[in-house]
Amino acid sequence: MNTTPSERTTIVCAAIIIDQHKVLLTLRPEDKRLGGYWEFPGGKLEPGEAAHAALHRELREEIDIRVDIDRLLESVHYSYEWGTVRIDGFLCRLAGGTIKHLEVADHAWVPFDQLDNYRILPADKPFIEWLKKQYQP
Ligand SMILES: Nc1nc2c([nH]c(=O)n2[C@H]2C[C@H](O)[C@@H](COP(=O)(O)OP(=O)(O)OP(=O)(O)O)O2)c(=O)[nH]1
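Residues numbered from 1 in each chain as written. Predicted model: local features only at pLDDT ≥ 70, side-chain atom pairs only at ≥ 80, totals over all residues. Heavy atoms only, no water.

This is how it is decided: UniProt positions are given in the numbering used here, feature names are shortened, and annotations may be inferred rather than shown by experiment.
An unreviewed UniProt entry lists the protein under the name 8-oxo-dGTP diphosphatase, with Pelovirga terrestris as the source organism. Database annotation for the protein, UniProt heading Cofactor (unreviewed entry): "Mg(2+)". The UniProt entry for the protein carries the following comment under Sequence similarities (unreviewed entry): "Belongs to the Nudix hydrolase family."

### Let's talk about the side chain of Glu49
Here is the rule we go by: To qualify as a helix, a DSSP run of H or I must reach at least 4 residues; to qualify as a strand, a run of E must reach at least 2; elements of each kind are numbered from the N terminus. For this analysis, a polar contact is any N or O atom pair within 3.5 Å, provided that within protein one partner can donate a hydrogen and the other can accept it, and provided that sequence-adjacent residues contribute only side-chain to side-chain pairs. Residue contacts are counted whenever heavy atoms from the two residues lie within 4.5 Å of one another.
Structurally, Glu49 can be placed in the loop between β4 (42-44) and α1 (51-63). Only 2.8 Å separates the side chain of Glu49 from the side chain of Arg57, close enough to count as a polar contact. Ignoring sequence-local partners within four residues, the contact set of Glu49 consists of Lys44, Ala54 and Arg57.

### Some points on α1
Under the convention used in this document: Between the first and last residue of a helix there are one fewer steps than residues, each counted as 1.5 Å, and that sum is the expected span. Burial classes: relative accessible area under 20% of the type maximum marks a residue as buried, over 50% as exposed, and values in between as partly exposed (1.4 Å probe, protein chains only).
When the terminal C-alpha atoms of α1 are compared, their 18 Å separation across 13 residues agrees well with the 18 Å that a helix rising 1.5 Å per residue should span. Taken as a whole, α1 has its buried residues at Ala51, Ala54, Leu55, Arg57, Glu58, Leu59, Glu62 and Ile63. Next to the buried residues of α1 lie β1 (10-19), β2 (22-27), β4, β5 (66-80) and β6 (83-96). Note on α1: the residue one or two positions beyond its end, Asp64, has a positive phi of about 60°.

### Details of the site of the ligand
Convention followed: What makes a residue near a molecule or strand is one non-hydrogen atom of that residue sitting within 4 Å of it. Note on areas: Shrake-Rupley with a 1.4 Å probe; residue coverage comes only from the protein chains shown. Definitions used throughout: a 1 Å grid over protein atoms alone; a cavity as a set of points that fits a 1.4 Å probe which cannot get out; a pocket as an open set with protein on both sides within 12 Å along at least five of seven lines; a lining residue as one with an atom within 4 Å of a point. The rule for placing a molecule in a cavity or pocket is simple: more than half of its atoms must lie within 2 Å of the grid points. Only Asp, Glu, Lys and Arg are considered charged in this grouping, and only Ala, Val, Leu, Ile, Met, Phe, Trp, Tyr, Cys and Pro are considered nonpolar; every other residue, Gly among them, is considered polar.
Surveying the vicinity of the ligand reveals 15 residues, the closest of which are Lys32, Phe40, Lys44, Tyr80 and Asp124. Glu39 has a polar side-chain atom sitting 3.2 Å from a nitrogen atom of the ligand. Residue Tyr80 places a side-chain N or O atom 2.6 Å away from an oxygen atom belonging to the ligand. The protein chains hide 80% of the 620 Å² of surface that the ligand would expose on its own. Under a 2 Å grid-point criterion requiring more than half of the atoms, the pocket assigned to the ligand is the largest pocket. With 3 residues, the single largest contributor to the shell around the ligand is β4. Taken together, the residues that form the shell around the ligand break down as 8 nonpolar, 2 polar and 5 charged.

### Points about the packing of aromatic side chains
For clarity, the cut-off: Note on ring pairs: Phe, Tyr and Trp rings are taken, using the six-membered ring of Trp, and paired if centres are within 6.5 Å. Classes follow the plane angle, with under 30 degrees stacked, over 60 edge-to-face and the rest tilted.
This structure, assessed with the given rule, holds 4 aromatic pairs. Judged by centre distance (5.2 Å) and plane angle (85°), the rings of Trp38 and Tyr118 are edge-to-face. In this pair, Trp38 is assigned in strand β3 (residues 38-39) and Tyr118 in the loop between β7 (106-111) and α2 (125-134), connecting sequence segments 80 residues apart. By relative accessible area, Trp38 is classed as buried at 12%. Members of the aromatic cluster, joined through ring pairs, are Tyr78, Tyr80 and Trp82.

Rendered as structure tokens:
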């Protein structure tokens, strides 16, 4: 089959939810691929699904919250050994709900100057750097 690189890229949406100079990270369960890493809540788009719809769905399924999506911050490409992902990181604000650990092992509201203390997925580095730069005292 003739497969172009873009067809092999997994599209992922991620919510960068900021509240009072802290950002929400969630912990991937140990039994999942890349288990034990912190990440922004989100996940893979389903076939034909729009990014905003996917983000709302993933947040409901994983932690049962609602957000307002402000804008796309950046799309980041990263190659893991099994394939390439494109992470679309959206800046969001919490709009409702109380965080439940439905599909995550834990969550943390992390002050920007403490992000280096978390083992975060390597693909997320540009988002982390942006957060640290944006909110330097
Ligand atoms: N949700 C999320 N995923 C990320 C981030 N950074 C990053 O590299 N990823 C990667 C990890 C996964 O390979 C993929 C997200 O897909 P996912 O979380 O739905 O993957 P999954 O393995 O749980 O899905 P599944 O195969 O179990 O259905 O993107 C991030 O900040 N948030």
